[in-house]
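The residues making up each chain are set out below.
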Amino acid sequence: MITPPISAPHNILLGVSLILATAFTISVQDVVFKLFSSQMTLWQIFALRGCLAVPVLAGILWYSRPNTGAVRAAFEPWSLLRAVFITGTFLAFYAAIPFLKLSTVGAANYTAPIFVTLLSSYVIKEPVGALGWVGVIVGFVGVVFILQPGTEAFSFWALLPLLGACFYAVAHLITRAKCQNVPVAALSLSQNSVMLAAGLVVSGVLVMAQPTSETAAAFPYIFGAWSTVEASDWFVLVALAGFAILLGMMLAGAYKAAPPAIVGTFEYSYLVFVACWDILFFKISLSGATLAGMAMVVVAGAMVLRSKEGTR
């Protein structure tokens, strides 16, 4: 069992504000990944982005917290375990992006708040409340409404973000219960370091294993070889590195500030953002079921927040 620290803080406004900002930023990053996925493999993007982000984060920690062991804290066991689960989440999510609509992938991935709430209640014993459970159910129904129009949501690729959702829930319970005293920049450094390692390791495995030309041609984003990086590509990679640095700190800060059940529920806002990007960038119109699902997601967030306020 993961035992939470006795004095875990409850700054709900900060936690909700950070997770809304995080959801918006992740949605923008995902548009970049989807537009960029035809040019580089997932592993190349992870490796090169990490090469840019990790030194910056290490420098931030070194200069802002000298002689405090903050850099070392990024590589302590709980920090690394959290980073492994976060990395698994993003790998599963981004592996599915080229094959599905953003809103479909997001709806599958954002079953995570349900896992977060369940684990919060039974693993770290944080109360959810009756209204909170109703809110979770309403949020889940909203996700089902969003998934309903696209039959590809039930394909193999849609299973990947569902798996990522499980990883995501575990990662944020670890954040809440075991990483309260780890600076958010250190958690971001840990997260980006593991992602960098994953990109390099998988790229090395693919070089040694040599997938067949048919497999590489069918799924170049996953099994293709590294491509030449043009000058314009570096601008995109720098932007992705900036997103990675910012997201790592905001995500950790949100789950350190407030109970996972609240923060997780407000992550549903991501679905609203990606639905807007589907319309603006990929010319995919929203159905009535999708709009109904969005409304349910918003109502679910309000219900969980009201429930938690009533138990304080």
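Residues numbered from 1 in each chain as written. Predicted model: local features only at pLDDT ≥ 70, side-chain atom pairs only at ≥ 80, totals over all residues. Heavy atoms only, no water.

J.: Is there a simple way to think about the overall build of the protein chain in this case?
T.: Assigned secondary structure in the protein chain consists of 15 helices and zero strands. Scored against the burial criterion, the 312 residues of the protein chain give a buried share of 53%. Put simply, the protein chain shows about 13,200 Å² of open surface, and 72% of that area lies on carbon and sulfur atoms. (Helix = DSSP H or I, 4+ residues; strand = E, 2+ residues; numbered from the N terminus. Buried < 20%, exposed > 50% of the residue type's maximum accessible area, 1.4 Å probe, protein only. Areas by Shrake-Rupley, 256 points an atom, 1.4 Å probe, with all protein chains shown as cover.)

J.: I'm lost on the side chain of serine 27 in this one. Help?
T.: Within the element layout of this structure, serine 27 appears in helix α1 (residues 12–36). A relative accessible area of 0% places serine 27 in the buried class. Not counting residues within four places of it along the chain, the set of residues in contact with serine 27 comprises Tyr270, Phe273, Val274 and Trp277. (Contact = heavy atoms within 4.5 Å.)

J.: For this particular structure, what's the right way to read the layout of surface pockets?
T.: In this structure, the largest pocket occupies an estimated 170 Å³ of space. What lines the largest pocket is a set of 13 residues, and nearest its centre among them are Leu206, Val207, Phe223, Gly224 and Ala225. Residue composition of the lining of the largest pocket, by class: eight nonpolar, five polar and no charged. (1 Å grid on protein atoms, 1.4 Å probe; cavity = no way out; pocket = protein on both sides within 12 Å on 5 of 7 lines; lining within 4 Å. Points joined across faces, edges and corners; volume = space filled by probe spheres on them. Nonpolar A, V, L, I, M, F, W, Y, C, P; charged D, E, K, R; others polar.)

J.: Help me out: how do you make sense of the environment of serine 227 in this one?
T.: The topology assignment puts serine 227 in the loop between α11 (220–223) and α12 (231–257). When its relative accessible area of 27% is taken as the criterion, serine 227 is described as partly exposed. Serine 227 sits 183 residues away from glutamine 44 along the chain, and the two C-alpha atoms are 8.3 Å apart. Excluding its chain neighbours within four sequence positions, the residues that come into contact with serine 227 are Gln39, Met40 and Gln44.

J.: What exactly am I supposed to notice about the packing of aromatic side chains here?
T.: Note on aromatic pairs: each is described by the distance of the centres and the angle between the planes. Enumeration according to the criterion identifies 11 aromatic pairs in this entry. Seen from their ring centres, phenylalanine 24 and phenylalanine 273 are 5.3 Å apart, and the 80° between their planes marks the pair as edge-to-face. Here phenylalanine 24, found in helix α1, pairs with phenylalanine 273, found in helix α14 (residues 269–282); they are 249 residues apart in sequence, far enough to count as distant. You can call phenylalanine 24 partly exposed: its relative accessible area is 38%. In this structure phenylalanine 273 comes out as partly exposed when scored by relative accessible area, which is 22%. (Phe/Tyr/Trp six-rings, centres within 6.5 Å; stacked < 30°, edge-to-face > 60°.)

J.: Even after reading the chapter, I still don't get the nonpolar core, so can you show me in this structure?
T.: Soluble, globular proteins show a tendency: their nonpolar side chains are buried together. Core analysis: the biggest nonpolar cluster contains 62 residues, and Phe33, Leu42, Phe46 and Tyr94 have the highest contact counts within it. Other than its neighbours up to four places away in sequence, phenylalanine 46 contacts Phe33, Phe90, Leu91, Tyr94, Met195, Leu196 and Gly199. Membership of the second largest hydrophobic core comes to 19 residues, among which are Val54, Leu61, Ala74 and Ala186. (Core = buried A, V, L, I, M, F, W, Y, C linked by side-chain atoms within 4.5 Å.)

J.: I tried to follow unusual backbone geometry on my own but got confused; where do I start?
T.: Phi is mostly negative for residues that are not glycine, and the peptide bonds are mostly trans. Phi is positive for glutamine 210, close to 50°, though the residue is something other than glycine. Classification of glutamine 210 by relative accessible area gives exposed; the value is 57%.

J.: When you look at the packing of α1 against α14 in this model, what are you seeing that I'm missing?
T.: How two helices pack is summed up by the angle between their axes together with the distance between the axes. Where α1 meets α14, the axes come as close as 9 Å, and the angle between the chain directions of the two elements is 35°. You can see that α1 and α14 cross each other, and the crossing is right-handed. Facing Leu20, Ala23, Phe24, Ile26, Ser27, Val28, Asp30, Val31, Lys34 and Leu35 of α1, the residues of α14 in contact are Ser269, Tyr270, Phe273, Val274, Trp277, Phe281 and Phe282. Of the residues assigned to the contact of α1 with α14, the class counts are 13 nonpolar, two polar and two charged. (Axes fitted to C-alpha atoms, helices over the stretch in contact; angles between N-to-C directions. Left-handed = near helix turned anticlockwise from the far one by under 90°.)

J.: What is the right way to look at the packing of helix α2 (residues 42–64) against helix α4 (residues 77–96) in this model?
T.: Relative to each other, α2 and α4 sit at 135°, their axes nearing to 10 Å. As judged from the angle between their axes, α2 and α4 are oblique. Pair α2 / α4 crosses with right-handed handedness. Taking contact as the criterion, the partners of Leu42, Trp43 and Phe46 in α2 are, on α4, Phe90, Leu91, Tyr94 and Ala95. Considered class by class, the residues forming the contact of α2 with α4 number seven nonpolar, no polar and no charged. (Parallel < 35°, antiparallel > 145°, perpendicular 65-115°, else oblique.)

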